[in-house]
Amino acid sequence: MSYEFILTEVRGDGERKTGLITLNRPKQLNALNDGLMNELGAAMKAFDADDGIGCIVITGSEKAFAAGADIAAMASWTYMDVYKTDYITRNWETIRAIRKPVIAAVAGFALGGGCELAMMCDFIIAADTAKFGQPEIKLGIIPGAGGTQRLPRAISKAKAMDLVLTSRMMDAAEAERAGLVSRVVPAAELMDTVLAAAQNINDFSGPSVMMAKECVNRAYEGPLAEGIQFERRMFHSLFATEDQKEGMDAFVNKRKPAFKQR
Ligand code: CO8
């Protein structure tokens, strides 16, 4: 399938591969318009449904992961346009329904909706050129795709308030110290690092990868006691999989496991 605002490709050399999505509106610094978000949602759903894909990577350009929602497109919207249309939720929530891991590979600006999109991914690996921020306050609005909720969970209330209220940007080193990104690497090594991490995940058992993701999300979104109970049930259920037998037999017999389940 060909798209107007994104590029998609399959990368990797293992049995299961990585679905790579590149945001591709370079002149607008990958500003996220409705068309792009439609395509991103469709591409993610297609990769999620493809048994040959183990995980998904979203990236942008060297200059910008994404500089936010498209301000020019939003400029003339009225309250009723925004309230009635499903633009705001339709595509932005798709990523939450993806069962496979989604990694954000961020270089350059990740601002406003771009920072929110990165935070919706399961983890962020950043180039040392990355800059994160929620500058919506400068436009007379606030973050609208989860920024005020995910930032405090990711980096503390103090830092979230600082970013959201002052509009300042955070560089990659600060983002790593604050816990927003899992690793920072030199820009030239970003895609190799991310694709290696993705391939690492691709080679594991599909059920355990997807359940691990679900469990960590429970910790992030719900109370501890409920999360512990959920994890226990997921843990139990993995003993019904062939891959658990394979993984443990391989360990006991000192051989490499060949996980089969998608
Ligand atoms: N929307 C539309 N166009 C943009 C955006 C954007 N968010 N960001 C940059 N562009 C365009 C510029 O207008 C410019 O276009 P042109 O060449 O035609 O003039 C081109 O990209 C290059 O930008 P600059 O010349 O400004 O490049 P600089 O290197 O000088 O500056 C910055 C880079 C600092 C990133 C600057 O472009 C900037 O501040 N951009 C806006 C950042 C911003 O405010 N983002 C928040 C947007 S609001 C938002 O994301 C709300 C999310 C709500 C989600 C809910 C669903 C709708």
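Conventions we followed
Residues numbered from 1 in each chain as written. Predicted model: local features only at pLDDT ≥ 70, side-chain atom pairs only at ≥ 80, totals over all residues. Heavy atoms only, no water. Helix = DSSP H or I, 4+ residues; strand = E, 2+ residues; numbered from the N terminus. Contact = heavy atoms within 4.5 Å. Near = heavy atom within 4 Å. Polar contact = N/O pair within 3.5 Å; in protein donor to acceptor, adjacent residues only side chain to side chain. Areas by Shrake-Rupley, 256 points an atom, 1.4 Å probe, with all protein chains shown as cover. Nonpolar A, V, L, I, M, F, W, Y, C, P; charged D, E, K, R; others polar. Patch = residues over 30% accessible without salt bridge, like charges linked within 9 Å, V, L, I, M, F, W, Y side chains within 5 Å. Salt bridge = Lys/Arg side-chain N within 4 Å of Asp/Glu carboxyl O. Buried < 20%, exposed > 50% of the residue type's maximum accessible area, 1.4 Å probe, protein only. Pairing = 2+ DSSP bridges. Axes fitted to C-alpha atoms, helices over the stretch in contact; angles between N-to-C directions. Parallel < 35°, antiparallel > 145°, perpendicular 65-115°, else oblique. 1 Å grid on protein atoms, 1.4 Å probe; cavity = no way out; pocket = protein on both sides within 12 Å on 5 of 7 lines; lining within 4 Å. Points joined across faces, edges and corners; volume = space filled by probe spheres on them. Domains from an automatic or database assignment. Arc of directions from axis to C-beta.

Draft legend 1. The side chain of Arg25, seen in detail. You can see Arg25 is positioned in the loop between strand 2 (17–23) and helix 1 (34–49). Beyond its immediate chain neighbours, meaning those up to four positions away, Arg25 contacts Phe5, Asn30, Ala31, Asn33, Leu36 and Asp70.

Draft legend 2. Spatial organisation of the site of the ligand. Around the ligand lies a shell of 24 residues, among which Lys63, Ala67, Ala69, Ile71 and Gly113 are the nearest. At a separation of 3.3 Å, an oxygen atom of the ligand approaches a polar backbone atom of Lys27. Contact with the protein chains hides 65% of the accessible area of the ligand, taken as 1100 Å² for the molecule alone. Those elements that place two or more of their residues in the shell around the ligand are helix 2 (71–74), helix 4 (87–90), strand 6 (109–111) and helix 5 (113–120). In terms of residue class, the shell around the ligand is made up of 14 nonpolar, five polar and five charged.

Draft legend 3. The arrangement of a nonpolar patch on the surface in detail. Side chains of Ile71, Leu139 and Ile141 sit close together on the surface and give an oily, nonpolar patch of about 250 Å² of accessible area. Turning to its location among the elements, Ile141 is positioned in the loop between strand 8 (131–133) and helix 6 (147–155). A residue is classified by how much of its surface remains accessible, and Ile141, at 39% relative accessible area, is partly exposed.

Draft legend 4. Representation of the sheet that holds strand 6 in the model. Here four strands make up an open sheet; going across it, the order is 4-6-8-9 and the pairing mixed. The open sheet has two edge strands with one neighbour each: strand 4 (64–66) and strand 9 (170–171). Of the pairings in the sheet, the one linking strand 6 to strand 8 comprises three bridges and is parallel in character. Bridge pairing links Ala110 to Phe132 in strand 8. Sitting on the sheet, helix 5 is in contact with strand 4, strand 6 and strand 8, with an inclination near 95° to strand 6.

Draft legend 5. Focus on the environment of Leu195. Along the chain, Leu195 turns up in helix 9 (residues 190–202). Along the sequence, Leu195 and Leu20 sit 175 residues apart, while their C-alpha atoms lie 8.8 Å from each other. Beyond its immediate stretch of four places on either side in the chain, Leu195 contacts Arg11 and Thr18.

Draft legend 6. Just the packing of helix 10 (residues 206–221) against helix 11 (residues 224–238), in detail. Here helix 10 crosses helix 11 at 175°, and the two axes come no closer than 9 Å. Taken together, the axes of helix 10 and helix 11 lie roughly antiparallel to each other. The residues of helix 11 that touch helix 10, namely those facing Pro207, Ser208, Met211, Glu214, Cys215 and Arg218, are Glu226, Gly227, Phe230, Glu231, Met234, Ser237 and Leu238. Looking at the contact of helix 10 with helix 11 residue by residue, the class counts come to six nonpolar, three polar and four charged.

Draft legend 7. Representation of empty space enclosed by the protein within the structure. If you walk through the whole model with that rule in mind, you get one cavity of 30 Å³ or more. Each pocket or cavity is described by its volume, and for the largest cavity that value is around 50 Å³. When residues of the lining of the largest cavity are traced back to their parent elements, those giving at least two are helix 9 and helix 10. Take the lining of the largest cavity: its biggest share by element is three residues, from helix 10. Per-class residue counts for the lining of the largest cavity are three nonpolar, three polar and three charged. If you count residues domain by domain, the lining of the largest cavity takes at least three from each of domain 1 (6–203) and domain 2 (206–253).

Draft legend 8. The side chain of Thr193, seen in detail. Within the secondary structure, Thr193 sits in helix 9. The buried category is assigned to Thr193, whose relative accessible area is 18%.

Draft legend 9. Structural context of helix 7 (residues 157–166). Turning to helix 7, its buried residues are Ala160, Leu163 and Val164. For helix 7, the buried positions fall inside an angular range of 90° around the axis, keeping them on one side. Opposite the buried face of helix 7, at more than 90 degrees from it, the exposed residues are Ala158 and Leu165. Buried residues belonging to helix 7 abut helix 6 and strand 9.

Draft legend 10. Spatial organisation of the environment of Ile137. Structurally, Ile137 is set in the loop between strand 8 and helix 6. Separated by 30 residues in the primary sequence, Ile137 and Ser167 have C-alpha atoms spaced 6.5 Å apart. Apart from the residues within four sequence positions on either side, Ile137 is in contact with Val164, Leu165 and Ser167.

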